[in-house]
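Descriptive analysis of the structure
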Amino acid sequence: NSSNPDSAKRIYHLYSTPPPAYRILSESEALYIHLLYGLMDSNIGIIESNFAATVYTGLKSLESCWEDLVQDIETGTINPKLNIPQDVRDELQKVMKPNPERAAFLRKQFQAGFQNIVKRVWPNINLVLCTTTGSMEMYHLALKSKYLEQVSTYSPIYGASEGLLGVNLFPDREESLYCLIPDAQFFEFIPQEEMDVENPTTLLLHQLKKGENYELVVTNGSGLYRYRMGDVIKVREYFNELPVVEFQYRQGQILNLHGEKISEEVMWRCVQSLENSWAQQQSPENGAKILDYTV
């Protein structure tokens, strides 16, 4: 889940996971419990997370531990190997009931493989909400090529700890573009060629040019004054008079070994190009595929 329901009790009913589970602090155990209660519910309509990488991690975990999860659903018990507080376990156990019919269905689906598994396990799924831009694009492509083959994804907002920045007005598009919200922040923009200048020029919303890259500068009611977030965006089009932008990369995420300043986006494009070159040189069944990378 992208937000913690424990801080918003009024929306508990929207989640498949019971409230006590949000007191589990270890990531692996919490993920297991989210998967367990999600699998028990055949009417899941939306999967939501902050980032595509988190969704990918969850589904990879499902692929590796589905047998334990199915057994828990079949017997109505919680895996005794999980290191979770006893009081939390006791509360979660109260809402567990054996469901051999659901377990049999899930076992059959998992044994058939994990291609398009989300739609097969949750036939009523409508979409997956998560950030798919920047470094998340790789995980998004991996999800769409396997687990989410017939499931739509939607990255609804462009936000950060500094606040809301933009909204994706185009849920039917494959790419994630965001219309900047002028009353959410006061925006200024530094042209890409001046991002390393000591006193760069700043532009306002109406001065931006389509196809150009800019670094965001924000001022808001929370106390930030002309704050350089480091986010670099590209103006793709306009919605009426408002710029519609595509997130490119964050300034701090630059590889600089010998002054070359390679952005996260450029690095990812190079990795993609390498994978494509391997695919062209080898037959599909023998071709190498990049699952993840680190720099």
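In the block above lies the structure referred to throughout.
To start, this report covers the structure provided alongside it. (Residues numbered from 1 in each chain as written. Predicted model: local features only at pLDDT ≥ 70, side-chain atom pairs only at ≥ 80, totals over all residues. Heavy atoms only, no water.)

1. Some points on the overall build of the protein
- Scanning the protein from N- to C-terminus turns up 7 helices and 12 strands.
- By residue count, 42% of the 295 residues in the protein fall in the buried class.
- Long-range pairs, those at least 24 residues apart, make up 55% of the contacts in the protein with a sequence separation of at least 6.
- As presented, the protein carries roughly 16,300 Å² of accessible surface, and 51% of it is formed by carbon and sulfur atoms. (Helix = DSSP H or I, 4+ residues; strand = E, 2+ residues; numbered from the N terminus. Buried < 20%, exposed > 50% of the residue type's maximum accessible area, 1.4 Å probe, protein only. Contact = heavy atoms within 4.5 Å. Areas by Shrake-Rupley, 256 points an atom, 1.4 Å probe, with all protein chains shown as cover.)

2. Some words on the pattern of salt bridges
- What the rule picks out here adds up to 10 salt bridges.
- Between Arg23 and Glu91 there is a salt bridge, and its shortest N-O distance comes to 2.7 Å. Of this pair, Arg23 sits in the segment before α1 (27–40) while Glu91 sits in helix α3 (residues 86–94), placing them 68 residues apart in sequence.
- The exposure class assigned to Arg23 is partly exposed, which follows from its relative accessible area of 35%.
- Residues Arg107 and Glu74 are paired through a salt bridge, measuring 3.3 Å at the closest nitrogen-oxygen approach. On the criterion of sequence distance, the pair formed by Arg107 in helix α4 (residues 100–111) and Glu74 in helix α2 (residues 52–75) is long-range, its members being 33 residues apart.
- With relative accessibility at 25%, the residue Arg107 sits in the partly exposed group. (Salt bridge = Lys/Arg side-chain N within 4 Å of Asp/Glu carboxyl O.)

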